[in-house]
Amino acid sequence: MATYTPLDIPEDGKLAHNIAHFARALRKAGLPIGPGRTLDAVNAVAAAGFDRREDFYFTLQAIFVSRPEERSTFAQVFRLFWRDPRYLDHMMSLMLPQVHGVQEDRRAEAAEKRAAEALLDGQLPPPPKDDAEGEQIEIDASSTMSGEERLKTLDFEQMSTDEIAAAKRMLAKLTLPVQPLKTRRTAPSTLTARIDARRTLRDALRHGGEMTRLIHKAPVTRWPNLVVLCDISGSMADYSRMVLHFVHAVANRKGQGWARVHAFTFGTRLTNITRHLRARDVDAALRAAGSEAQDWSGGTRIGQSLHAFNRDWSRRVLGQGAVVLLITDGLDRDDADLLSRETERLHLSCRRLIWLNPLLRWTGFAPKAQGIRAVLPHVDSFRAGHSIASLEALGRAISEPSDHGERDRLLAMIRN
């Protein structure tokens, strides 16, 4: 049985004051916390006691965390504020600009940069002074990318609080155009490409058999459906939140082409959040979706989730040439044969299956995981999904059937 050391309480009796500072840090990190929750946290700690660190952690989490996607931010701020005696040095190292040489520095974990910004409150230490006179390095930044271009290529997981807010505003303006589909049905048209012999002869009968005019026809066009299957497991939480912001913008923008936008989330189970995305306010929509999907930031069962979708929803939403976006990292430890069968069935049921994987951002990415090997042969296009720029490139993958992304290259690696 695990043992827990008692939590160190300041001797000056300023626990309530420290909890207020902790709440302020959480608010700066992006959690919606007001004075009421701070007062509730102080009362809850007084009622529950603080004999164990675990009790203190979950008592504060129960008060301050209202959505599953906020757990990672809370965990990082808690670790840095309460548990790590050297958190200040660590946070400053995260915030200071660094020059990467041969040995790369450790990248900040999910929500760690936002926690550092919240606790430092924007105050950075002065740069170290070198007593010895050395060479001064001048950097010409005239040709560097602008802030907006840099934000487009920045990894969602490494964004700060301000960068996430700016990225959400950019995602709200993105479009996902699609070409209309030609059907077998025809309708009268002023175009002279095809003659409608049946209607022309019927019109001639009305005039005693004399053909007075030619009636033409053209194929009827319609718009396809967009179906999004988004992984919300622990490894995908930061990416799925930003992708759902983008999907909300696509679902609520009129006149861009899609007939309907259907959205599903999956971790350990499948959840339909289509009706929640109809809300005009994106925060309200994602808050309702988070409440509906109870497996946020949990485990991953991709094969079982795709099986549930194919069984319960494929006939309802995949008709008439739907396009499916599968957003997942493919890290599934369940039955690989089941995952392969269900992905193949999904591929055969839709017009195009496009897989967005944030792991593809790495230069040395290789399809070594069994889940990736099971899914890759059954997708039409395999693309990265870790930044705004990668989401902007989706339009080309949808409109051009010949665009396969990185699928063919990685399939060749599997065969070899």
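An account of the accompanying structure is given in this report.

About the criteria used
- Residues numbered from 1 in each chain as written.
- Predicted model: local features only at pLDDT ≥ 70, side-chain atom pairs only at ≥ 80, totals over all residues.
- Heavy atoms only, no water.
- Core = buried A, V, L, I, M, F, W, Y, C linked by side-chain atoms within 4.5 Å.
- Buried < 20%, exposed > 50% of the residue type's maximum accessible area, 1.4 Å probe, protein only.
- Helix = DSSP H or I, 4+ residues; strand = E, 2+ residues; numbered from the N terminus.
- Contact = heavy atoms within 4.5 Å.
- Phe/Tyr/Trp six-rings, centres within 6.5 Å; stacked < 30°, edge-to-face > 60°.
- Lys NZ or Arg CZ within 6 Å of the ring centre and 35° of its normal.
- Patch = residues over 30% accessible without salt bridge, like charges linked within 9 Å, V, L, I, M, F, W, Y side chains within 5 Å.
- Areas by Shrake-Rupley, 256 points an atom, 1.4 Å probe, with all protein chains shown as cover.
- Salt bridge = Lys/Arg side-chain N within 4 Å of Asp/Glu carboxyl O.
- 1 Å grid on protein atoms, 1.4 Å probe; cavity = no way out; pocket = protein on both sides within 12 Å on 5 of 7 lines; lining within 4 Å.
- Points joined across faces, edges and corners; volume = space filled by probe spheres on them.
- Nonpolar A, V, L, I, M, F, W, Y, C, P; charged D, E, K, R; others polar.
- Axes fitted to C-alpha atoms, helices over the stretch in contact; angles between N-to-C directions.
- Parallel < 35°, antiparallel > 145°, perpendicular 65-115°, else oblique.
- Left-handed = near helix turned anticlockwise from the far one by under 90°.

1. Describing the nonpolar core
One recurring pattern in soluble globular proteins is that nonpolar side chains are buried together. Within the largest apolar cluster, 44 residues are counted, with the highest numbers of intra-cluster contacts made by Leu226 and Trp258. The greatest single-element share of this core, amounting to eight residues, is contributed by helix α10 (residues 237-252). If sequence neighbours within four positions are ignored, Trp258 has contacts with Leu176, Val178, Trp223, Pro224, Asn225, Leu226, Val250, Val323 and Ile398. Counting 30 residues, the second largest nonpolar core, distinct from the first, contains Val227, Leu229, Ala374 and Phe382.

2. Some details on the packing of aromatic side chains
The final tally for this structure, using the stated rule, is 13 aromatic pairs. Aromatic pair Trp355 and Phe382: ring centres 4.5 Å apart, planes at 40°, arrangement tilted. With Trp355 in strand β8 (residues 352-357) and Phe382 in strand β9 (residues 381-384), this residue pair connects regions lying 27 residues apart in the sequence. For Trp355, a relative accessible area of 0% corresponds to the buried category. By way of ring pairs, the aromatic residues Phe22, Phe56, Tyr57, Phe58, Phe64, Phe74, Phe78 and Phe81 are connected into one cluster. The side chain of Arg316 reaches across the aromatic face of Trp313, ending 4.7 Å from its centre.

3. Overview of a nonpolar patch on the surface
A cluster of nonpolar side chains, contributed by Ile195, Leu201, Met211 and Leu214, occupies part of the molecular surface with about 390 Å² of accessible area. Following the sequence through the fold, Met211 ends up in the loop between α9 (197-205) and β3 (216-222).

4. Description of the layout of surface pockets
Counted as a void, the second largest pocket has a volume near 440 Å³. Looking at the lining of the second largest pocket, the elements that each hand over two or more residues are α8 (161-171), α10 and α11 (282-292). In terms of residue class, the lining of the second largest pocket is built from eight nonpolar, four polar and eight charged.

5. Regarding the packing of helix α2 (residues 35-48) against helix α3 (residues 53-64)
Where α2 meets α3, the closest approach of the two axes is 9 Å, and the angle between their N-to-C directions is 150°. Relative to α3, the element α2 is oriented roughly antiparallel. Relative to α3, α2 is oriented so that their crossing is right-handed. Contacts between α2 and α3 involve Arg37, Thr38, Asp40, Ala41, Ala44, Val45 and Ala48 on the former and, on the latter, Phe56, Thr59, Leu60, Ile63 and Phe64. Broken down by class, the residue content of the contact of α2 with α3 amounts to eight nonpolar, two polar and two charged.

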